[in-house]
Each structure stands twice: as structure tokens, then as C-alpha cells.
Amino acid sequence: MGLFDSFRRDKGARKAEEQSVAPQEESPLIVDEESAQAAAEVAEAPVETDAAEEDVPTLSDAAQEAAQVEQPVQAEEAPKVIKKYDQKARVSHTVGETHVVAIINQKGGVGKSTTAVNLSAALGELGKQVLLVDLDPQGNASSGLGVEKSQLDYCVYDALLNDEPLENIIVPDVSEGLDLVPATINLAGAEVELVSEMARENRLKDAIGRFRGKYDYIFIDCPPSLGLLTVNAFVASDALLIPIQCEFYALEGVTKLLDSMKRVKTRLNPSLEIFGVLLTMYDGRTILSKQVAQEVQGFFGEKAFETIIPRTVKLSEAPSYGQPITQFDPNGKGAQSYMNLAKEVIARGW
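Values in this document were obtained by computation on a predicted structure and should not be read as measured data.

**Q** Help me understand the overall build of the chain in this model?
**A** Of the regular secondary structure elements, the chain holds 15 helices and eight strands. Partitioning the contacts of the chain with sequence separation of at least 6, the portion at a separation of at least 24 is 80%. Counting every atom, the chain has about 19,900 Å² of accessible surface; 51% of that belongs to carbon and sulfur.

Okay, structure coming up:
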């Protein structure tokens with residue numbers, strides 16, 4: 001059952017209540033004598049009925065009572081059980097070098113969280129061990145994987161500000177081969193609170209550093225900004241994955257993002273590089289999508305992934321069911337695209 005089902009039931013109940021108390025429509029007022037006389041003649045005239053209508057049988061009292069019996073409401077599915085890190089399923093393969101990738105674009109709505117969730121899940125289904133760090137105060141990656149935030153004892157905020165060990169925060173096995181460091185609304189205050197902290201740019205790097213060698217990939221879902229949280233992701237990462245929506249405005253601001261990356265590379269993380277640029281929300285029916293794709297591929301060259309993520313309804317629906325697209329619609333275009341992207345990531349030597 002999806003997250004919207006309770007809203008639908010509430011809406012239906014309100015509609016039924018409104019219909020039960022709605023006043024009957026009053027007949028329009030007749031303002032002249034001729035109209036009043038005509039109306040009186042019509043009212044006195046006998047009403048003809050078809051024989052077929054007179055022969056229509058009526059429901060018996062018992063049948064009417066049976067028809068009025070309310071159908072039972074389907075019970076909601078129980079929320080996903082949140083396990084502890086020491087309950088994580090046994091890893092079936094030897095993990096090699098860990099690659100830490102920040103999924104980032106300062107513009108919102110370009111598919112960062114969608115890519116973070118579905119690429120991580122696709123790699124997990126291909127036998128990799130993946131840790132997804134939700135660094136966005138909106139927590140879309142957490143809710144998109146079906147994690148009930150009210151059940152969490154800790155989130156990534158506690159790792160950044162309270163030095164909470166990541167073992168106490170990780171939610172293991174949210175999908176096959178995929179663990180999650182969730183985010184809650186508490187993270188919204190981290191930008192301000194980090195300002196006065198020592199080594200504020202290195203907080204995330206220190207938190208995830210001990211997990212190198214335990215995962216093949218650590219993905220960081222960044223907020224749509226270039227604040228301290230994003231700087232922490234820059235410093236902690238080996239490379240950046242930049243989703244770009246196939247629309248005109250998506251191209252604006254990419255230059256500023258690259259400038260920020262260069263400053264961090266110069267002063268804080270010399271090894272930082274661009275791993276890849278991913279085109280998202282592609283609509284092959286429009287000339288604009290094709291033009292944006294050509295511009296991006298021409299500018300970034302080999303850094304642009306060959307895989308392009310199409311705009312599909314299923315990709316938009318999957319988060320409301322708390323599932324990655326590979327589970328929600330495994331045979332659809334969206335799932336196949338992210339599986340192809342995962343294979344391309346592996347093929348690049350990562």
C-alpha cells in the first residue's frame with residue numbers, strides 16, 4: 001500500500017459526508033404570472049410512464065440492508081522494520097577499494113535523490129555493497145527507501161554534530177546490498193551549527209572514513225545548495241556525479257558548481273574529480289531535450305554517461321511506495337535505465 005492511500009480514504013470520507021448534509025436544490029423563483037400559470041398546468045398534467053419502467057423489480061429489504069453494509073477497509077502495511085547495524089546480512093563477497101561519490105547539483109529538482117536511490121539499489125542488485133548517505137535536510141532518499149523517520153534514534157546530524165558513531169546510525173539492508181545513513185529535519189540546523197565547530201569541513205569525512213573497505217561504493221545525496229553540508233561532501237568524496245535535467249534552466253549554475261569544486265580541490269581535497277555527468281528527465285519527443293543532451297555531451301565529452309534517464313511516471317511514483325524503481329517497476333524503462341547506468345559505472349573501473 002502506498003503512502004497516499006490514507007489520504008485517498010480521508011478524501012472519500014469527507015466527500016461522502018458533504019453529500020449527506022448538502023441542502024436540496026431549490027426550484028428557481030417564477031417572477032411573472034404567465035410563467036406561473038404555465039408551471040401550474042404542467043404540474044397538474046398526468047405523468048406518463050413506460051411499461052418497462054413499471055415492471056422493474058425493487059430490492060427486498062434484506063437485499064437493501066446487504067447492499068448498505070460497508071466494505072472492510074484494507075489494513076495498511078506495517079512500516080519497514082528498522083534493524084541495527086550488527087543485524088546486517090552477511091556480505092557474500094570481498095569488498096575491494098571503496099569509492100566515495102557525491103551526487104550533487106546546486107539546482108533542485110534535477111533527479112539527485114532519484115539517482116542516489118536507484119543507482120545505489122541497482123548496484124546492490126548487481127552484487128555490490130553500497131552505503132547511501134542522505135545529506136539533504138529534506139530526507140527524500142530516506143523516505144524514498146521506505147524508512148519511517150519517526151522510528152529513528154539517530155540520523156546523519158548526530159554524526160556531524162554529536163560525534164555519534166556511524167554504526168549507531170546506519171539502517172542496514174533497506175534494499176539488496178544497500179545500507180542507509182538517514183536524514184531527518186534535524187539536519188536543517190546543521191549549516192548554522194557547523195560554523196562554530198572545529199574542523200567543520202572534515203566532519204563527514206571523519207565519520208565515513210572508517211567504513212572504507214566495508215563497502216564498494218559510498219554515495220552522498222547532497223542538498224541543492226553550496227553550503228557547509230555540500231562542502232563536507234566535497235571533502236569526503238573521491239569524485240562527483242552531476243545529474244543534469246534536460247531543460248534549459250538546468251544548464252545555468254553548472255559553471256558555479258565547477259568553480260566551487262575547483263576551490264575545494266585546491267585547498268581541501270586535491271584528489272577530487274568529476275566521475276560523470278548524467279542526463280535525467282529526458283523526453284525524446286522534444287527538440288529541447290535533444291539540444292540539451294548535445295550541449296552537455298559536447299561540453300563534458302567522455303565524462304557524460306552514455307546512459308540517459310528518461311522521464312517516466314513510474315520513477316515519480318516509486319518513492320511514494322518506499323521502493324527503488326528496480327523493485328517497484330523492474331521491467332520498466334526507468335529500472336532498465338538505472339541498471340544500465342550501474343553497469344556503466346562498473347565498466348568505468350569503479
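**Q** Looking at this structure, I do not really get the pairing of strand β3 (residues 171-175). What am I missing?
**A** Moving residue by residue along a regular strand, the side chains alternate between the two faces of the sheet. Counting buried positions along β3 yields four of five residues, so the element is predominantly enclosed. Pairing geometry for β3 and strand β4 (residues 178-181), over two bridges, is antiparallel. Note that in β4 the partner of S175 across the bridge is L178. The antiparallel pairing of β3 with β4 creates a hairpin that spans two residues between the two strands, and G177 there sits at a positive phi of about 70°.

**Q** Can you help me understand the side chain of N232 in this one?
**A** Residue position: N232 is located in helix α10 (residues 228-236). Judged by its relative accessible area of 0%, N232 is buried. Apart from residues lying up to four places away in sequence, N232 is in contact with L160, L194, R200, E201, N202, R203 and L204.

**Q** Explanation requested: the confidence of the model for the chain in the structure shown.
**A** Detailed conclusions should not be drawn from predicted coordinates in areas where pLDDT is low. Per-residue confidence for the chain gives a mean pLDDT of 82; residues scoring 70 or more make up 77%. Below pLDDT 50 for its whole length, residues 21-32 participates in three contacts with residues either more than four positions away or in separate chains. Counted against residues more than four places away or in other chains, residues 47-60, with its pLDDT under 50, gives two contacts.

**Q** Teacher, can you tell me more about the sheet that holds strand β7 (residues 273-282) here?
**A** A sheet is described by the order of its strands in space; here eight strands give the open sequence β3-β4-β2-β5-β1-β6-β7-β8, paired in mixed fashion. Each of the sheet's edge strands pairs with one partner strand only, and the pair in question is β3 and β8 (304-310). Across the sheet, the mean angle separating the axes of adjacent strands is 25° when strand polarity is ignored. Where strand β1 (residues 99-103) and strand β6 (residues 239-245) come together, three bridges link them in parallel fashion. In the strand pairing of β6, V101 is matched with A239.

About the criteria used
Residues numbered from 1 in each chain as written. Predicted model: local features only at pLDDT ≥ 70, side-chain atom pairs only at ≥ 80, totals over all residues. Heavy atoms only, no water. Helix = DSSP H or I, 4+ residues; strand = E, 2+ residues; numbered from the N terminus. Contact = heavy atoms within 4.5 Å. Areas by Shrake-Rupley, 256 points an atom, 1.4 Å probe, with all protein chains shown as cover. Buried < 20%, exposed > 50% of the residue type's maximum accessible area, 1.4 Å probe, protein only. Pairing = 2+ DSSP bridges. pLDDT = per-residue confidence, 0-100. Axes fitted to C-alpha atoms, helices over the stretch in contact; angles between N-to-C directions.

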